[in-house]
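Per-entry structural report
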Amino acid sequence: MRVGILTGGGDCPGLNAVIRAVTRKGIVHYGYDVLGIKNGWLGLIEGKIFPLDLNVISGILPRGGTILGTTRTNPFMVEDGVGKIFSQVEKFELDAVIAVGGEDTLGVAYKLYEKGLRCVGIPKTIDNDLSGTDYTFGFDTAVSIVAEALDRLHTTAEAHHRVMVVEVMGRHAGWIAIEGGLAGGADIILIPEFPFDMDEICAQIHKRRERGKLFSIVVVAEGAKPRDASLIIQSEEKDAFGHVRLGGIGNIIAREIEMRTAIDTRVTVLGYIQRGGSPTAFDRILATRFGVGAIELVKEEKFGFMVGLRGNHVVPVPLREALAQPKTVDAEFYDIAKVFFG
Ligand code: F6P
């Protein structure tokens, strides 16, 4: 059996751990040939495919990024992209393709599966917004980075009696903001699921000052929006999956807070720091379990499925089900965060 693996979409900590697990399980346990496909779907279109062996994967477990490279290439937007993929699959005699990605990469995997590609998925995204799995790897690392940043920002905010606005990633879902904010003791958390009201935010900041706390930490997800306006867009240019580039909401909120309250306010945009560097132990283990699980799916010929974590079990999840709708933060969880607002 010849199995190709690719990583697509935004990178995240744990991708190398997953590549290592797929390769090791495939080669050592089942005697498969495992091949690395470079740069996501682009590498499959272009035939940039090379053999992985135990030496290539040695030492990569703790490394961030992906040794395979990644792009946001959508083969359905490339001229004859799909045709080229099927030709390369034939040329390299691939019996199965493992696609590691978020909703975009796995969306392509599902569409190609429907066209006959023997494909299984592994969910990854720091945003944790994929249905069908309790967690995606990369998320725990991102949350830990946010929590550590908040610890640091607390001391400087307190020393200067400032409001500190911290913008974190999260396009459609506020998982990083809410979990990072809870872990780091944020005073206000704003997420895309629940549009915010500037008057309420300022009232909370005032209330906190009245009880003697002269600083506030406001965590805002990049996709958060005011109650009566739309997304704050940094660039109108869309990627191959139709996403505009977000960013800028932190600055807008900080400006408003300072204008309305006359309290010194600063902004920190955590940006790609959240995606870089070494994965946490949790993410290394989850990625490893997912990699091993994906090879089992290939062995069982469960194509059109991805691995998912449910409870503490790695289970097969139909890609169709996982992609039906994004996993977002519900009101019950947001209510827990609200206990600590103000
Ligand atoms: O997919 C994760 C994510 O981190 C989003 O939260 C963010 O909007 C996006 O990637 C930005 O990634 P890039 O600039 O690499 O397209």
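As a starting point, this report considers the structure included with it. (Residues numbered from 1 in each chain as written. Predicted model: local features only at pLDDT ≥ 70, side-chain atom pairs only at ≥ 80, totals over all residues. Heavy atoms only, no water.)

1. Here's the deal with the overall build of the protein chain
- Counting secondary structure elements, the protein chain contains 11 helices and 13 strands.
- Since a compact globule built from 342 residues should have a radius of gyration of about 20 Å, the 21 Å found for the protein chain is in line with a globular shape.
- Put simply, 75% of the contacts in the protein chain that link residues at least 6 apart link residues at least 24 apart.
- About 14500 Å² of surface is accessible on the protein chain, with carbon and sulfur atoms providing 50% of the total.
- Distance between charge centres in the protein chain, computed from 38 positive and 43 negative side chains, equals 3 Å. (Helix = DSSP H or I, 4+ residues; strand = E, 2+ residues; numbered from the N terminus. Rg over C-alpha atoms; globule rule 2.2 N^0.38 Å. Contact = heavy atoms within 4.5 Å. Areas by Shrake-Rupley, 256 points an atom, 1.4 Å probe, with all protein chains shown as cover. Lys, Arg positive; Asp, Glu negative; His and termini not counted. Charge placed at Lys NZ, Arg CZ, Asp CG, Glu CD.)

2. Brief notes about the layout of surface pockets
- The calculated volume of the second largest pocket comes to roughly 180 Å³.
- Lining the second largest pocket are 14 residues, with Phe196, Glu200, Arg227, Tyr334 and Lys338 sitting closest to its centre.
- Among the elements of the structure, strand E7 (188–190), helix H7 (198–210) and helix H11 (331–338) are those that each provide at least two residues to the lining of the second largest pocket. (1 Å grid on protein atoms, 1.4 Å probe; cavity = no way out; pocket = protein on both sides within 12 Å on 5 of 7 lines; lining within 4 Å. Points joined across faces, edges and corners; volume = space filled by probe spheres on them.)

3. Digging into the site of the ligand
- Residues in close proximity to the ligand include Arg72, Ile126, Asp127, Met169, Gly170, Arg171, Glu222, Tyr272 and Arg275, which together make up its full environment.
- One of the side-chain N or O atoms of Arg72 is found 2.8 Å from an oxygen atom in the ligand.
- Asp127 has a polar side-chain atom sitting 2.9 Å from an oxygen atom of the ligand.
- Composition of the shell around the ligand by domain shows at least three residues from each of domain 1 (2–137 + 279–322) and domain 2 (142–276). (Near = heavy atom within 4 Å. Polar contact = N/O pair within 3.5 Å; in protein donor to acceptor, adjacent residues only side chain to side chain. Domains from an automatic or database assignment.)

4. Notes on the packing of aromatic side chains
- Scanning the entire structure with this criterion turns up eight aromatic pairs.
- With a centroid separation of 6.0 Å and an interplanar angle of 25°, the aromatic rings of Tyr135 and Phe139 are classed as stacked.
- Tyr135 sits in the partly exposed class, given a relative accessible area of 30%.
- With relative accessibility at 2%, the residue Phe139 sits in the buried group.
- Between Tyr135 and Phe282, the aromatic rings sit 5.9 Å apart at their centres with planes inclined by 80°, giving edge-to-face as the arrangement. Here Phe282 lies in helix H9 (residues 281–299) and Tyr135 lies in the loop between strand E5 (119–123) and helix H5 (139–160), a separation of 147 residues in the sequence.
- Put simply, the rings of Tyr135, Phe139 and Phe282 pair up and form one aromatic cluster.
- It is Lys327 that lies over the ring of Trp175; its NZ or CZ is 5.8 Å from the centre. (Phe/Tyr/Trp six-rings, centres within 6.5 Å; stacked < 30°, edge-to-face > 60°. Buried < 20%, exposed > 50% of the residue type's maximum accessible area, 1.4 Å probe, protein only. Lys NZ or Arg CZ within 6 Å of the ring centre and 35° of its normal.)

5. With respect to the sheet that holds strand E6 (residues 163–168)
- Read across the open sheet, the four strands follow the order E7-E8-E6-E11; overall the sheet is parallel. Looking at the sheet topology across the chains shown, the edges are occupied by E7 and strand E11 (265–269). Averaged over all pairs of adjacent strands, the angle between strand axes in this sheet comes to 20°, irrespective of strand direction.
- Set on the sheet, helix H6 (residues 175–183) makes contact with E6, E7 and strand E8 (216–221); between it and E7 the angle comes to about 170°. (Pairing = 2+ DSSP bridges. Axes fitted to C-alpha atoms, helices over the stretch in contact; angles between N-to-C directions.)

6. Describing helix H3 (residues 81–91)
- Within H3, burial applies to Gly81, Val82, Ile85, Gln88 and Val89. The buried residues of H3 occupy an angular sector of 120° when the element is viewed end-on, so they sit on one face. Exposed positions of H3 whose direction lies more than 90 degrees from the buried face are Glu90 and Lys91.
- Where H3 is buried, its residues touch helix H2 (41–46) and helix H4 (103–114).
- Looking one or two places after H3, you find Glu93, whose phi comes out positive at around 50°. (Arc of directions from axis to C-beta.)

That is the geometry; function is a separate question.
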